[in-house]
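Residue strings, one per chain:
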Amino acid sequence: MANPAPTNAADDTDPERAAPHHWNTTPENQAPTFRNQDQVWPVRVIRRGDAVRPLPPHARSLADLTFEVGGVRLGLSDHMARRRMAGLLILKHGEIALERYGMGNGPESRWTSMSTAKSITATLAGAALHDGAIGSLDDRCEQYLPRLRGSAYEGVTIRNLLRMCSGVAWREHDDADGRSDCTRLVKAMVSRWPGSVLDLLCKLPRAQPQGTVFNYSTGESYLIGALVAAATARPLADYCAETIWGPAGMEADGYWQLDSEGGMELGGFGVSARLRDFGRFGQLVLEDGEAFNGRRVLPPGWRDLAGQPDSAATDFGRLMPGSPLGYGYQWWVMPHLPDGVSNGTFSANGDYGQIIVVNPAEQVVVAIQSAWRQPEDGAAGLEIVAMIRAAMRALQTEPAS
């Protein structure tokens, strides 16, 4: 296991330099902002449980891993610096093959999740199904959220929300006039008015029949979170503590950003946690919801249901032009490739390089925290894929005796 000590970045660690909103950061204040969301935004604590899941060192260390991208061979230190990584954790069979930090982070640093929280929210829907709080994924949303009656979401099933195939109109990114529904969601959040985000979602029009078209929507992840909270009759962070944080053996409390003071958790983003605890979340999913203490928290088979496409609209190559990916239940799914090392892999991806990768075939989990200079970076993504594939190949071999 590599030395987990933080990389020294003294000019990047002052909490007072945190920006009020993560969407208004500069490269200089990204790290303190991503580390300190509980200081700049309303949050609810996700309480850790009594027992911590140990993450012992794996027999094969990846400390000396190198890989090639575009004819250039890179080591991990260069890779992390180039891609502004704040944390990199690779688990094999629940054991640490690699753990490194940068951007002023260390093992005790919390870092915000961005959209990787969507996969946590979807997992909570699975937990609510297992608990019986949700009767069926084919139930209509308004059965649990009566506020949706009369809106375009009336009649939409929970399953189509999880697939992002509701058919309700949503623009995730700005159009030519600089307008998007995400911008409207941010304005609703900034108002700190209770219920403003749900009000926005209830005003959206219908664009397609449900189940026919994939349309990425942070709003729908929020809606899933609101639905789970209503179905379980408790705040999402509290339910997360009961069904994920405690059973997965997290070592520290997490935080979940709220839409207003004392309001609703933002199901599409806003979970702050330590790197190892994001890794433990990935491990819980990898193990199909069978917690390390033996308690089952997800329906049997949930991993393979949620982690693979299950409809024509979300199948490989159908999501958006030029993309080979598929989509599960708020997880991105890698296409099958000839060498097989990534086959069956799915991942939670968030802006600025937040990633949780689950590879059931290789029994590998990867957790990455970053501060890219822009929300999306194709070159960084390709480099990270190359690094992960090299790590998986290295972990297939036995360590030298």
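Coordinates for the structure precede this section.
Definitions and cut-offs
Once a new chain begins, its residue numbering starts again from 1 and follows that chain's sequence as written. Owing to the predicted nature of the model, reporting of local features is limited to residues with pLDDT of at least 70; listing and counting of side-chain atom pairs is limited to 80 or more, with chain, interface and lining totals taken over all residues. Side-chain metrics rest on all non-hydrogen atoms present in the structure, leaving aside hydrogens and water. Criterion used throughout: strands pair if DSSP finds at least two bridges between them. For the purposes of this entry, the term helix denotes a DSSP run of H or I that reaches at least four residues, the term strand denotes a run of E that reaches at least two, and both are numbered from the N terminus. Axis lines are fitted through C-alpha atoms, for helices just across the contact stretch, and the angle between N-to-C directions can take any value from 0 to 180 degrees. One side-chain nitrogen of Lys or Arg within 4 Å of one carboxyl oxygen of Asp or Glu is enough to make a salt bridge. The buried label goes to any residue with under 20% of its type's maximum accessible area, the exposed label to any with over 50%, and the partly exposed label to all in between, with areas taken from a 1.4 Å probe on protein chains only. N or O atoms closer than or at 3.5 Å make up a polar contact, with two conditions inside protein: a donor-capable atom paired with an acceptor-capable one, and, for residues adjacent in sequence, both atoms drawn from side chains. It only takes one pair of heavy atoms within 4.5 Å for two residues to be counted as in contact.

Caption draft 1: The sheet that holds strand β8 (residues 271-274), seen in detail. With respect to topology, four strands assemble into an open sheet ordered β1-β7-β8-β6, the strand pairing being antiparallel. Every other strand in the sheet has two partners, leaving β1 (43-46) and β6 (110-112) as the edge strands with one partner each. Neighbour-to-neighbour, the strand axes of this sheet turn through a mean angle of 25 degrees, independent of strand direction. As paired elements, β1 and strand β7 (residues 254-257) share four bridges and run antiparallel to each other.

Caption draft 2: Fine view of the pairing of strand β3 (residues 72-75). Relative to β3, strand β2 (residues 66-69) runs antiparallel, the two sharing four bridges. Bridge pairing in β3 links V69 to V72. Where β2 folds back on β3, the antiparallel hairpin that results is connected by two residues, among which G70 adopts a positive phi of roughly 60 degrees.

Caption draft 3: Representation of the pattern of salt bridges. Using the criterion set out here, one finds 20 salt bridges in the structure. As a salt-bridge pair, R53 and E287 come within 2.9 Å of each other at their nearest N and O atoms. Of the two residues, R53 sits in the loop between β1 and β2 while E287 sits in the loop between α10 (275-286) and α11 (302-306), which places them 234 residues apart along the sequence. Under the relative-accessibility criterion, R53 is labelled buried at 12%. Residue E287 is classed as partly exposed on the basis of its relative accessible area of 24%. The salt bridge involving E99 is made with R276; its shortest N-O contact spans 2.6 Å. Of the two residues, E99 sits in strand β5 (residues 95-101) while R276 sits in helix α10, which places them 177 residues apart along the sequence.

Caption draft 4: Quick look at the side chain of S347. One can find S347 in strand β11 (residues 346-350). Among the polar contacts made by the side chain of S347, one reaches the side chain of N349 at a distance of 3.0 Å. Those residues in contact with S347 that lie beyond four places of it in its chain are W331, W332, I356 and V357.

Caption draft 5: Summary view of the sheet that holds strand β9 (residues 326-327). Taken in spatial order, the seven strands make up an open sheet running β5-β4-β13-β12-β11-β10-β9, and their pairing is antiparallel. Strands with a single pairing partner mark the edges of an open sheet, and in this sheet they are β5 and β9. Relative to β5, strand β4 (residues 85-92) runs antiparallel, the two sharing six bridges. Residue G87 lies in a different strand from β5, and its bridge partner there is Y101. Of the strands in this sheet, β4, β5, β12 (354-359) and β13 (364-370) touch helix α12 (residues 378-395), which is tilted by about 30 degrees from β4.

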